[in-house]
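Breakdown of the fold
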2 protein chains.
Amino acid sequence: MAVKERVRVGGRSARIQSAVHDAVRRLSAETDRDELTVPQIAAEAGVTPSTIYRRWGDLAALLADVAVERLRPIADPEDTGAVTSDLRAFIEQFMEEMSSPVGRALVRDVFSPPGETYPVQCGGFTREHLTTIVSRAKARGEAAFDIDEVIDHVVAPIIYHILYGDRELTLDYCHALLDRVQSMPAETARPASRSLSPGARSRDPLAPQ
Amino acid sequence: MAVKERVRVGGRSARIQSAVHDAVRRLSAETDRDELTVPQIAAEAGVTPSTIYRRWGDLAALLADVAVERLRPIADPEDTGAVTSDLRAFIEQFMEEMSSPVGRALVRDVFSPPGETYPVQCGGFTREHLTTIVSRAKARGEAAFDIDEVIDHVVAPIIYHILYGDRELTLDYCHALLDRVQSMPAETARPASRSLSPGARSRDPLAPQ
């Protein structure tokens, strides 16, 4: 569920958002997150529960909104002077942050509400960082990598293993993913174009029979 | 949260599980899933709410358990007579099922409870199918693919885009992912070994300061 539209812009609305987000962060630090309730958060933030329901819809959407803010980058990726090391530094940090206990909990919160509002924002943060690194590379006259390629073959496997919990994520593994992308010939490295396939979602083989 | 241990094995326990799972499936078909409650499911299944809490712990764990059962394969992957077409048929079906509206909702349910009990089971279903295809290939005397490679570079990008909602999944895209794995030279195609990195999870850069 998206953050509801038509919230008042500016002073009071921003103060409520900030108070409620802060309350969630304080309570999450001391309480099992799965025990959090809207009335408890409202009391901590000094607002009424209906303020929260009106603005976010439900607890899952509020927790996802807080998680997106926690995951929002506060700075550009590190400038190490060369594209390969810029990318490596960014991916190492991404893997370390996302696979930490707090990172895993935030990722879970982001995917918890229905719809793609919150996941799309988080995916966008990663893409923006990669775009910054590519722009810097071009400014330096370096050959840049393909952003979709890095998302599909470096970022996606990292996120997959975090979510499915089926392998330990090590720096060796991270470097092997990067080496593989960087050693790919350009013509193979490009994924298919983003054409839309009409009817791709029309059948639903898992729908109840 | 894991399905609690010590449930009575056999007749009554199995009947309760079946009645509760069926109730969730019926109610999900007619109600917005995000409106489901434990008392409502209990009433539909003819059990008490405390039976559900005792056995599953909470609603998220129950929905994840039901989702895992829905995602559990009911048959081996199709035997098309050759490894390349076996893999293509399996991946096409996987993408179609997982990206359908019902598939997306089930994936969301699987990741909703804390812990990795349910995701590990689902990831295991995919790995088992790929193992079956590899075993068949070996029995036919064909060169087989690397299972980790297919998970990292075909399955993971598909799941990533389903979760992040950032691109349409088309058959062209699916085939490009497969072609890329199959054209990789063997030495590059192998990911790093599964060594454990001591302390890989020791720092938590997203923990509250």
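Just so you know, the residues in each chain are numbered from 1, in the order the chain's sequence is written. Chain letters and ligand numbers both follow the written order, the letters beginning at A and the numbers at 1. With pLDDT at 70 or above as the cut-off, local features in this predicted model cover only qualifying residues; side-chain atom pairs require 80 or more to be listed or tallied, and sums for whole chains, interfaces and linings still use all residues. Heavy atoms throughout the structure, all of them, feed into the side-chain values; hydrogens and water do not.

An unreviewed UniProt entry annotates chain A as Transcriptional regulator, TetR family originating from Bradyrhizobium lablabi.

With that out of the way, let us pick up the overall build of chain A. Here a strand is any run of E in DSSP of at least two residues, a helix any run of H or I of at least four, and the numbering for each starts at the N terminus. Looking only at helices and strands, chain A has 10 helices and zero strands in total. The linear arrangement of helices and strands in chain A, starting from the amino end, is α-α-α-α-α-α-α-α-α-α. Exposed residues in this analysis have more than 50% of their type's maximum accessible area, buried residues have under 20%, and partly exposed residues fall in between, with area computed by a 1.4 Å probe over protein chains only. For chain A, the proportion of its 209 residues judged to be buried stands at 46%. A separation of at least 24 residues holds for 70% of the contacts in chain A among residues at least 6 apart in sequence. Computed by Shrake-Rupley with a 1.4 Å probe, the accessible areas treat only the displayed protein chains as cover when residues are assessed. When the accessible surface of chain A is split by element, carbon and sulfur atoms take 52% of a total near 9900 Å². Contact definition: two residues touch when any of their heavy atoms are within 4.5 Å.

According to UniProt, the "DNA-binding region" (unreviewed entry) feature falls on residues 37-56 of chain A. This span, residues 37-56 of chain A, is 80% helix and 0% strand, and a straight line between its end C-alpha atoms measures 13 Å. UniProt positions are given in the numbering used here, feature names are shortened, and annotations may be inferred rather than shown by experiment.

Another aspect to go through is helix α6 (residues 101-111) of chain B. Counted residue by residue, α6(B) has nine buried out of 11 residues, so it is predominantly covered. Three or more residues of α6(B) are buried, namely G103(B), R104(B), A105(B), L106(B), V107(B), R108(B), D109(B), V110(B) and F111(B). Of the surrounding elements, those touching the buried residues of α6(B) are α6 (101-111) and α8 (147-164) of chain A together with α4 (59-71), α5 (83-99), α7 (117-140) and α8 (147-164) of chain B.

Aromatic rings from Phe, Tyr and Trp, taking only the six-membered ring of Trp, are treated as a pair when their centres fall within 6.5 Å; an angle between ring planes under 30 degrees marks them as stacked, one over 60 as edge-to-face, and anything in between as tilted. Inspection of the entire model under this criterion finds six aromatic pairs over all chains. Arranged with centres 4.2 Å apart and planes meeting at 25°, the rings of Y160(A) and Y164(A) form a pair that is stacked. You can see Y160(A) and its partner Y164(A) sitting in helix α8, four residues apart, about one turn around the helix. Judged by relative accessible area, which is 5%, Y164(A) ranks as buried. Between Y164(A) and F111(B), the ring centres sit 5.1 Å apart and the planes meet at 85°, which makes this aromatic pair edge-to-face. On the criterion of chain membership, the pair formed by Y164(A) in helix α8 and F111(B) in helix α6 is interchain, its members lying in two chains. Like Y164(A), the residue F111(B) is buried in the burial classification. The structure contains a cluster of three or more aromatic residues connected by ring pairs, namely F111(A), Y160(B) and Y164(B). Both a distance and an angle decide whether a charge sits over a ring: NZ of Lys or CZ of Arg must be within 6 Å of the ring centre and within 35 degrees of the ring normal. One Lys or Arg, R167(A), reaches over the ring of Y173(A) and ends 3.9 Å from the middle of that ring.

Glancing now at the nonpolar core. Throughout, nonpolar core names a set of buried Ala, Val, Leu, Ile, Met, Phe, Trp, Tyr and Cys residues whose side chains join them through atoms within 4.5 Å. Among the nonpolar cores identified, the biggest contains 85 residues, and I91(A) and I91(B) are the most heavily contacted of them. Excluding anything up to four places from it in sequence, I91(B) contacts V150(B), V154(B), V155(B), I158(B), C174(B) and L178(B).

Residue and element names in this part refer to chain A. pLDDT is defined as a per-residue confidence score from the predictor, taking values between 0 and 100. Here chain A averages 85 in pLDDT, while 83% of its residues score no lower than 70. Here residues 1-5 is modelled with pLDDT under 50, and outside its nearest four sequence neighbours on either side it reaches 19 contacts, counting other chains as well. Every residue in residues 186-205 is under pLDDT 50, and counting partners more than four places away or in other chains gives 38 contacts.

Moving on: the pattern of salt bridges. Whenever a carboxyl oxygen of Asp or Glu lies within 4 Å of a side-chain nitrogen of Lys or Arg, that contact is scored as a salt bridge. Considering all chains together, one arrives at 22 salt bridges over all chains under this definition. Between R136(B) and D86(B) there is a salt bridge, and its shortest N-O distance comes to 3.3 Å. Taken together, the positions of R136(B) in helix α7 and D86(B) in helix α5 put the pair 50 residues apart, joining distant regions of the chain. Both residues of the pair, R136(B) and D86(B), belong to the buried class. Between E142(B) and R140(B) there is a salt bridge, with the nearest N and O atoms lying 2.7 Å from each other. On the basis of relative accessibility, which here comes to 24%, the residue E142(B) falls in the partly exposed class. One network of salt bridges, with partners in common, ties together D79(A), D86(A), R136(A), R140(A) and E142(A).

Take the environment of S135(B) next. You can see S135(B) is positioned in helix α7. C-alpha separation for the pair S135(B) and V83(B), spaced 52 residues apart in sequence, amounts to 9.6 Å.

Residues and elements named next belong to chain B. In this scheme, a helix's expected span is set at 1.5 Å multiplied by one less than its residue total. In a regular helix each residue adds 1.5 Å, so 17 residues correspond to 24 Å; α5 covers 24 Å between its end C-alpha atoms and thus fits that length. Within α5 the residues assigned to the buried category are V83, D86, L87, A89, F90, I91, F94, M95, M98 and S99. Taken together, the buried residues of α5 touch α4, α6, α7, α8 and α9 (171-182).

For the rest of this paragraph, the subject is the packing of helix α1 (residues 11-30) of chain A against helix α4 (residues 59-71) of chain A. Residue and element names in this part refer to chain A. Interhelical geometry of α1 versus α4 gives an angle of 90° and a closest axis separation of 10 Å. With respect to α4, the axis of α1 lies roughly perpendicular. The segment α1 lies against α4, with Q17, V20, H21, V24 and R25 engaging L62, L63, D65, V66, E69 and R70. Lines are fitted to the C-alpha atoms to define the axes, a helix being fitted only along its stretch in contact, and any angle between axes, read from their N-to-C directions, falls within 0 to 180 degrees. Just so you know how the angles are binned, under 35 degrees is roughly parallel, over 145 roughly antiparallel, 65 to 115 roughly perpendicular, and the rest oblique.

Mapping T51(A) onto the fold places it in helix α3 (residues 49-56). With 31 residues separating them along the chain, T51(A) and V20(A) place their C-alpha atoms 9.8 Å apart.

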